[in-house]
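Overview (structure and organization)
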Amino acid sequence: MMKHLIYVTEDDENIRNLVQVALNGSGYETAAFETAEEALGAFKVKAPQLAIFDLMLPGMDGLEAIRKIRANDAWKKLPVLVLIEGWGAAGKGSTIGGIIKNIDPRFFKVASMSAPTEEEKRKPFLYRYFVKIPEAGKFEFLDSGWMDEVTKGRLRGELSDKQYAERIESIKRFERQLTDNGYLVLKLFFQIGKKEQKKRLEELEGNKDTAWRVGENDWWQNKHYDKCEEVFDKYLTDTNASVAPWYIIDSGDKKWAELQVLETLCSGIHVAMQNESLAVPILQNVFPLVKMPRLSEVELDKEISEEEYKKELRHLQKKLNALHYRLYRKKIPVVIAYEGWDAAGKGGNIKRIAGALDPRGYEVHPIASPEPHEKARHYLWRFWTRLPKTGHIAIFDRTWYGRVMVERLEGFCSTNDWQRAYNEINEFEKELSQWGAVIIKFWVQIDKDTQLERFTERQNTPEKQWKITDEDWRNRDKWDQYEDAVNEMLQKTSTEYAPWHILESVDKKYARIKALKIVIAELEKALG
């Protein structure tokens, strides 16, 4: 049976006894030590299979042990997201305070997720939660979260059956994606009865120093306890999953609640560290796809005259400019994603689209290698943080598709990681589509000879040499491998709600005009 060695200071006999009683017969081993060094010594000598965690009860002195435990490589890789939901006055906040008291403050954050702000309402439903996910080796405690938001919406009649079902599917995908990508997601529901809740609310309200903690929603909950309980039960059932199960915390006694949370955290971390190297099942695609040609089948002899190009450019940019203002008025968000061969002309293409837009209403995101704080999170995090608000346009120069191209071919992620990514990306874009976003994805296509010609020109032109790097030449050596990866990407991620568009860019001017026409057509379709 799995055991944990719990480090308890010698002088804290009451807490030590409480731990011993609570865990008696559970297979857990408790021990008292005068110093952290003695605890670590017992860990190393007596029971190397046991684990010491930096999750201590109030009064336990474990900081010195924590610093040494963090040298464990498996721990450094584990991000922990703890969602704490439950009834008003169930003791969620005080329990969080008790649990984190002896965790090094550099390694955790606590966020109280109140109602969405006006700014957050202009982003996808999951945005404000996804941006909160922690880096590897750190904790994020959420005092209420997506359950609270969805159940309140249901209780207030703000979510229809269809909207509720969509939110549930979004949440299940979100939680599964996090666990598939190495996160420990712990979901705790603090349970108290109606009478106990009323008693606590009265006590809090009767003290002028704590009265502020009681809101109208708390009393509404108590008055409509049975109705709330029904909605909570359904939500808990709908979102209970093997990868992210719910743990019901008996909150009748606050100390006992802390112990339950501590045990759940320790057990969850221990299991997650043991499973860290296991492969995750590859899910089948469930989204309707649009058939795409292979790159070798794309005809690249498309061209346009200089005179026609200038005429079309003026006309199309003027039309796009007018559409941009309509988009803003109707609060429709737009995401334009560019991928393509090096030197294919992505930058010039983006420049012609951006040149038609009001600069206050769009942003271009050039995507390079992830920064350390980005690499330490789910690979989609850095794209969630760059999403536009409603009525605005985000243009990505390189995108999340790096996961199934450069990261795949350069070995920056495991085979299991990039194989899972096709479905994860389709799910990500489904979230954007359900939010109401227009998603336009371009692959900018040229042939190998055209790329060599442009590379050589850049190398030999002083003012263009900054555009060419050793990495570009190395990638060119893997042209055939990249072409296979791109073909697979196009086949598996061209969905009906976010299809790929191929821009034939041997003639850059032709590609620019085609891109403008596609953007205009997609925006007109969305605007009706």
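Structure: above.
Conventions adopted
- Residues numbered from 1 in each chain as written.
- Predicted model: local features only at pLDDT ≥ 70, side-chain atom pairs only at ≥ 80, totals over all residues.
- Heavy atoms only, no water.
- Salt bridge = Lys/Arg side-chain N within 4 Å of Asp/Glu carboxyl O.
- Helix = DSSP H or I, 4+ residues; strand = E, 2+ residues; numbered from the N terminus.
- Buried < 20%, exposed > 50% of the residue type's maximum accessible area, 1.4 Å probe, protein only.
- Arc of directions from axis to C-beta.
- Contact = heavy atoms within 4.5 Å.
- Pairing = 2+ DSSP bridges.
- Core = buried A, V, L, I, M, F, W, Y, C linked by side-chain atoms within 4.5 Å.
- Phe/Tyr/Trp six-rings, centres within 6.5 Å; stacked < 30°, edge-to-face > 60°.
- Lys NZ or Arg CZ within 6 Å of the ring centre and 35° of its normal.
- Axes fitted to C-alpha atoms, helices over the stretch in contact; angles between N-to-C directions.

Time to look at the pattern of salt bridges. Across all of its chains, the model carries 35 salt bridges by this definition. Close ionic contact of Glu524 with Lys319 constitutes a salt bridge, the shortest N to O distance being 3.5 Å. Of this pair, Glu524 sits in helix α22 (residues 508–527) while Lys319 is found in helix α13 (residues 306–330), placing the two residues 205 residues apart along the sequence. For the salt bridge of Lys441 with Glu429, the shortest nitrogen-to-oxygen distance reads 3.0 Å. Here Lys441, found in strand β11 (residues 438–445), pairs with Glu429, found in helix α18 (residues 415–435); they are twelve residues apart in sequence, far enough to count as distant.

Of all the residues in helix α20 (residues 470–477), the buried ones are Asp472, Asn475 and Arg476. Viewed end-on, α20 has its buried residues packed into an arc of 105 degrees, placing them on one side of the element. Exposed positions of α20 whose direction lies more than 90 degrees from the buried face are Asp470, Arg474 and Asp477. Buried residues belonging to α20 abut α19 (448–460) and α21 (479–493).

Taking burial as the measure, the seven residues of strand β8 (residues 334–340) include seven buried ones, the bulk of the element. Residues Val334, Ile336, Tyr338 and Gly340 point to one face of β8 and Val335, Ala337 and Glu339 to the other, with burial holding for every one of them. Bridging between β8 and strand β10 (residues 393–397) involves five bridges; their strand directions are parallel. Residue Ile336 lies in a different strand from β10, and its bridge partner there is Ile395. Strand direction decides the pairing type here: β8 and β11, joined by seven bridges, are parallel. Paired with Gly340 across the bridge in β11 is Val444.

This part takes up the nonpolar core. Counting residues in hydrophobic clusters, the biggest one holds 135 residues, and the most contacted among them are Trp146, Ile336, Tyr338, Ile353, Trp400, Phe442 and Met489. Top contributing element to this core by residue count: α22, with nine residues. Non-local contacts of Trp146, meaning those with residues more than four positions away in its chain, are made with Leu81, Leu83, Glu85, Phe125, Tyr129, Ile171, Phe174, Glu175 and Tyr235.

To continue, consider the packing of aromatic side chains. Scanning all chains against the criterion turns up 23 aromatic pairs. Between Phe396 and Trp400 the ring centres are 5.2 Å apart and the planes differ by 75 degrees, which places this aromatic pair in the edge-to-face class. Residues Trp400 and Tyr401 carry aromatic rings whose centres are separated by 6.3 Å and whose planes lie at 40 degrees to one another, so their mutual orientation is tilted. On the basis of relative accessibility, which here comes to 0%, the residue Tyr401 falls in the buried class. Over the ring of Tyr328 we find Lys331, and its NZ or CZ is 4.2 Å from the ring centre. One residue, Arg408, lies across the ring of Trp418, its end atom 3.9 Å from the ring centre.

Read across the open sheet, the five strands follow the order β9-β10-β8-β11-β12; overall the sheet is parallel. Strands with a single pairing partner mark the edges of an open sheet, and in this sheet they are β9 (362–366) and β12 (500–504). Within the sheet, the average angular offset between the axes of one strand and its neighbour, ignoring direction, is 20 degrees.

Let's shift gears to the environment of Leu236. Assignment of secondary structure puts Leu236 in helix α11 (residues 225–238). The exposure class of Leu236 is buried, given its relative accessible area of 11%. Expressed as a C-alpha distance, the spacing of Leu236 and Trp246, which sit ten residues apart in the sequence, is 7.0 Å.

Within β11, eight of the eight residues are buried, which leaves the element mostly enclosed by the surrounding structure. One ladder, built from five bridges, connects β11 with β12; its direction is parallel. Its bridge partner being in β12, Gln445 is matched across the sheet by Glu504.

Right, let's talk about unusual backbone geometry for a bit. Unusually for a residue other than glycine, Ala89 sits at a positive phi of about 70 degrees. Relative to the helices and strands, Ala89 resides in the loop between β3 (80–86) and α5 (92–100). Here Arg398, not a glycine, exhibits a phi torsion of approximately 80 degrees, which is positive. Residue position: Arg398 is located in the loop between β10 and α17 (406–409).

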